[in-house]
Amino acid sequence: MTDPRLEEIGRRVGSDWTRITDLLRDKIALGSVSAKGITGDHMRRSAEFVAEELIRVGIEAEVVQSTNRDGTPGAYEVVGSRIVDPEAPTVLLYAHHDVQPVPDPTVWDTDPFVGVERDDRLYGRGSADDGGGIAIHSGALHALGDDLKVNIRVFIEGEEEMGSPSFIPFIEAHREEFDSDLIIVADSGNWSDRIPSLTTSLRGNSDLDVTVKVLEHPVHSGQFGGPILDSNTLAAMLIASMYNDQGELEVPGLEGGQPIGGLQRDLDPDQVRSDAGVVASYRLAGTGSLASRLWTKPSASIIGFDAHPVEGSFNVLADSTRFRISLRTAPTQRPEEAQKALADFLRSHAPLGAQVEVSYGENGMGWAMDPDSRVVRDAEESMRQAFGCDPVNKGEGGSIPFIPELKRLFPRAQVLVTGPEDPQANAHSPNESISLYGLERNVIAEALLLDRLGA
Ligand SMILES: [Zn+2]
């Protein structure tokens, strides 16, 4: 038996389909690459386009330019609302209208700034990330029309791909426009084009700069090599001391957890290997589910290492070596705490008593969904209905920095992370695309969820 509400909403989305896909095509054609200048005219036009599209679906929307912390003009943000009943719950819909740059259009099979439909996918820069998010919100609002029983606030950001420099000052200046019970961030994606997902967690991150010093000045490697190890070797020994035999981080005080809400399906190691382009002989490091290793356990990567280049090197023992660790932290651990635990470990594991100095870089908090909340159950049920199968939830190894910030500023609001992407979407890469089937189901799922929240 099909649910009559599902049928009705499905019918309305079907009759609105041309508008939804036209919106996406027009959005792609705007080429709203924030890397070309957040305050550029192309970004203003992109924001104006999105505001007009929101007005078409009943939102009082406008473009507001943000201000950076130093007082300079910032991004063109789109804000809007539709208040149907002050007593009803309020939902904030988030997406971003800026897109990733296209460094080399010749590696695309189609023009990146022309929406091209092929095999049930629409290709183009920003088709998925995050034009898809805008299309989902717009389609869901249109489908509900005057049946809408929750208050809606909308925030479509103009600088997400640039790390949202003016996001926090903007929210602080517009607090009441963000105040909500639920924030739906449509900037992630599904397990596949046929299987929906909520994103359950994001890891935090923390940087540390480490200097290993052994000599007051460089000396001849023939004369002193042997009892004195060069600082590069000592740095390598220090790095290796963070790991056990399985290649797993073993640093006291670094927390690691299991996937939030339990592991519903593990990642396929062959898929992960091929997505990353791992050499055939390499064995994946760590133990436990691959999902936990990528989503909820910590990782440390050396993202910078100052050493003499091979070209032009000569017989000298390096006196000191500096490197930078990018630490990804478990979703619920405070990054400051993880940073300190790792720094303490490094300082106390100086190989052969070399001098080890650690300085602290930036921290970003992770985030974890509350898997048992009513909103999560409503969202899962809406996805189940729309896609006709159970959602398979997933975590993210990276971070979306503004989500923990929203959580900090609006502790009362729940956050749901959904989105238009799937493993074929190639967001940030050439030949970005969105599944049209997945988009239609995402629109229906969001409309059903908003409907449920108003019931
Ligand atoms: Zn995005």
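Residues numbered from 1 in each chain as written. Predicted model: local features only at pLDDT ≥ 70, side-chain atom pairs only at ≥ 80, totals over all residues. Heavy atoms only, no water.

### Considerations on helix α3 (residues 41–56)
Here is step 1: With 16 residues, α3 extends 23 Å from end C-alpha to end C-alpha; this agrees with the ideal 22 Å at 1.5 Å per step.
Here is step 2: All of the buried residues in α3 are His 42, Met 43, Ser 46, Ala 47, Phe 49, Val 50, Ala 51, Glu 53 and Leu 54.
Here is step 3: Considering only its buried residues, α3 is in contact with α2 (17–29), β1 (60–67), β2 (73–82), α4 (131–144) and β6 (151–157).
Here is step 4: Backbone geometry just downstream of α3 places Gly 58 in the positive-phi region, at approximately 90 degrees. (Helix = DSSP H or I, 4+ residues; strand = E, 2+ residues; numbered from the N terminus. Expected span 1.5 Å × (residues − 1). Buried < 20%, exposed > 50% of the residue type's maximum accessible area, 1.4 Å probe, protein only. Contact = heavy atoms within 4.5 Å.)

### With respect to the nonpolar core
Nonpolar side chains tend to gather and get buried jointly when the protein is soluble and globular.
Here is step 1: By size, the foremost hydrophobic cluster in this structure holds 81 residues, and its most contacted members are Val 91, Ile 152, Ile 403, Leu 439 and Leu 450.
Here is step 2: If one sorts the elements of this core by residue count, helix α14 (residues 436–454) sits on top with 10 residues.
Here is step 3: Apart from the residues within four sequence positions on either side, Leu 439 is in contact with Trp 17, Ile 20, Leu 24, Gly 132, Ala 135, Ile 136 and Ile 434. (Core = buried A, V, L, I, M, F, W, Y, C linked by side-chain atoms within 4.5 Å.)

### Section: the domain arrangement of the protein
How big an interface is tends to be reported as the loss of accessible area on association of its parts.
Here is step 1: Taken domain by domain, the protein consists of domain 1 (4–201 + 366–454) and domain 2 (204–256 + 298–364).
Here is step 2: Placing a centre on the C-alpha atoms of domain 1 and another on those of domain 2 gives a separation of 40 Å.
Here is step 3: Facing 7 residues of domain 1, the contacting portion of domain 2 comprises 6 residues.
Here is step 4: Carbon and sulfur atoms make up 52% of the surface buried where domain 1 meets domain 2, a total of about 430 Å² over both sides.
Here is step 5: Of all residues in domain 1, Gly 366, Ala 368 and Ser 399 bury the most surface against domain 2, accounting for 66% of the area lost on that side.
Here is step 6: In this structure, the connection of domain 1 to domain 2 is made through 0 salt bridges.
Here is step 7: Taken together, domain 1 and domain 2 are joined by 2 residue pairs in polar contact (both at pLDDT 80 or more).
Here is step 8: For the side of domain 1 that touches domain 2, the per-class residue count stands at 2 nonpolar, 5 polar and no charged. (Domains from an automatic or database assignment. Buried area = accessible area lost by both parts, 1.4 Å probe. Salt bridge = Lys/Arg side-chain N within 4 Å of Asp/Glu carboxyl O. Polar contact = N/O pair within 3.5 Å; in protein donor to acceptor, adjacent residues only side chain to side chain. Nonpolar A, V, L, I, M, F, W, Y, C, P; charged D, E, K, R; others polar.)

### Some points on the pattern of salt bridges
Here is step 1: Under the criterion given, the structure shown has 31 salt bridges.
Here is step 2: A salt bridge links Arg 25 to Glu 117, with the shortest nitrogen-to-oxygen separation between them at 3.3 Å. Of the two residues, Arg 25 is situated in helix α2 and Glu 117 in strand β4 (residues 116–118); the sequence distance between them amounts to 92 residues.
Here is step 3: Assessed through its relative accessible area of 25%, Arg 25 is described here as partly exposed.
Here is step 4: In this structure Glu 117 comes out as partly exposed when scored by relative accessible area, which is 47%.
Here is step 5: Note that Glu 172 is salt-bridged to Arg 69, the shortest N-O span being 3.7 Å. Within this pair, whereas Glu 172 is found in helix α5 (residues 167–173), its partner Arg 69 is found in the loop between β1 and β2, the two being separated by 103 residues in sequence.
Here is step 6: One connected set of salt bridges, linked through shared partners, spans Arg 5, Glu 8, Arg 11, Arg 12, Asp 147 and Asp 451.

### Details of the sheet that holds strand β11 (residues 299–306)
Here is step 1: Strand order in the open sheet formed by 4 strands is β11-β13-β9-β14, and the pairing between neighbours is antiparallel. Whereas interior strands pair on both sides, the edge strands pair on one side only; in this sheet they are β11 and β14 (355–364). Direction aside, neighbouring strands of the sheet carry axes that sit 20 degrees apart on average.
Here is step 2: With 8 bridges joining them, strand β9 (residues 204–213) and β14 adopt antiparallel strand pairing. Bridge pairing links Thr 211 to Glu 357 in β14.
Here is step 3: Its contacts with the sheet put helix α8 (residues 231–240) on β9, β11, β13 (320–329) and β14, and the angle it makes with β13 is roughly 20 degrees.
Here is step 4: The strands that helix α11 (residues 335–348) touches are β9, β13 and β14; relative to β14, the one it contacts most, it runs at about 170 degrees. (Pairing = 2+ DSSP bridges. Axes fitted to C-alpha atoms, helices over the stretch in contact; angles between N-to-C directions.)

### Some words on the packing of aromatic side chains
Here is step 1: This structure, assessed with the given rule, holds 9 aromatic pairs.
Here is step 2: Seen in terms of ring centroids, Phe 155 and Phe 170 are 5.6 Å apart; in terms of plane orientation they differ by 25 degrees. Their pairing is stacked. With Phe 155 in strand β6 and Phe 170 in helix α5, this pair connects stretches of sequence that are 15 residues apart.
Here is step 3: One aromatic cluster is present, formed by Tyr 94, Phe 155, Phe 167, Phe 170, Phe 178, Phe 402 and Phe 410 through successive ring pairs.
Here is step 4: One Lys or Arg, Arg 175, reaches over the ring of Phe 410 and ends 5.6 Å from the middle of that ring.
Here is step 5: In this structure, Arg 194 is placed above the aromatic ring of Tyr 437, and the distance from its NZ or CZ to the ring centre is 3.8 Å. (Phe/Tyr/Trp six-rings, centres within 6.5 Å; stacked < 30°, edge-to-face > 60°. Lys NZ or Arg CZ within 6 Å of the ring centre and 35° of its normal.)

### Comments concerning the coordination of the zinc ion
Around a metal, the perfect tetrahedron of four donors has angles of 109.5 degrees, and the perfect octahedron of six donors has angles of 90 or 180 degrees.
Here is step 1: Ligation of the zinc ion by protein atoms is provided by His 96 (NE2), Asp 129 (OD), Asp 187 (OD) and Asp 187 (OD), these donors lying 1.9 to 2.8 Å from the ion.
Here is step 2: Classification of the site at the zinc ion as irregular follows from its 4 donor atoms and the range of 51 to 148 degrees in their angles at the metal.
Here is step 3: Coordination of the zinc ion draws on donor residues from a single chain, spaced H-x32-D-x57-D in sequence. Remark: Asp 129 occurs in the loop between β5 (121–123) and α4 and His 96 occurs in strand β3 (residues 90–96); sequence separation between them is 33 residues. (Donors = N, O, S within 2.8 Å, 3.2 Å for Na, K, Ca; no water. Tetrahedral: all angles 85-135°; square planar, octahedral: opposite > 155°, others 65-115°.)

### A word on the layout of surface pockets
Here is step 1: If you add up the space inside the second largest pocket, you get close to 560 Å³.
Here is step 2: Surrounding the second largest pocket, 23 residues form its lining, Gly 247, Ala 285, Arg 293, Pro 298 and Ser 299 being those nearest its centre.
Here is step 3: Listing elements by their share of the lining of the second largest pocket, those giving two or more residues are α9 (269–276), α10 (290–295) and β11.
Here is step 4: In the lining of the second largest pocket, the residues fall into 14 nonpolar, 4 polar and 5 charged. (1 Å grid on protein atoms, 1.4 Å probe; cavity = no way out; pocket = protein on both sides within 12 Å on 5 of 7 lines; lining within 4 Å. Points joined across faces, edges and corners; volume = space filled by probe spheres on them.)

### A word on the environment of Gln 65
Here is step 1: On the secondary structure map, Gln 65 appears in strand β1.
Here is step 2: Gln 65 sits in the partly exposed class, given a relative accessible area of 32%.
Here is step 3: In sequence terms Gln 65 and Phe 170 are 105 residues apart; their C-alpha atoms lie 8.9 Å from each other.
Here is step 4: What Gln 65 contacts, discounting residues up to four positions off in sequence, is Thr 39, Pro 73, Gly 74, Ala 75 and Tyr 76.

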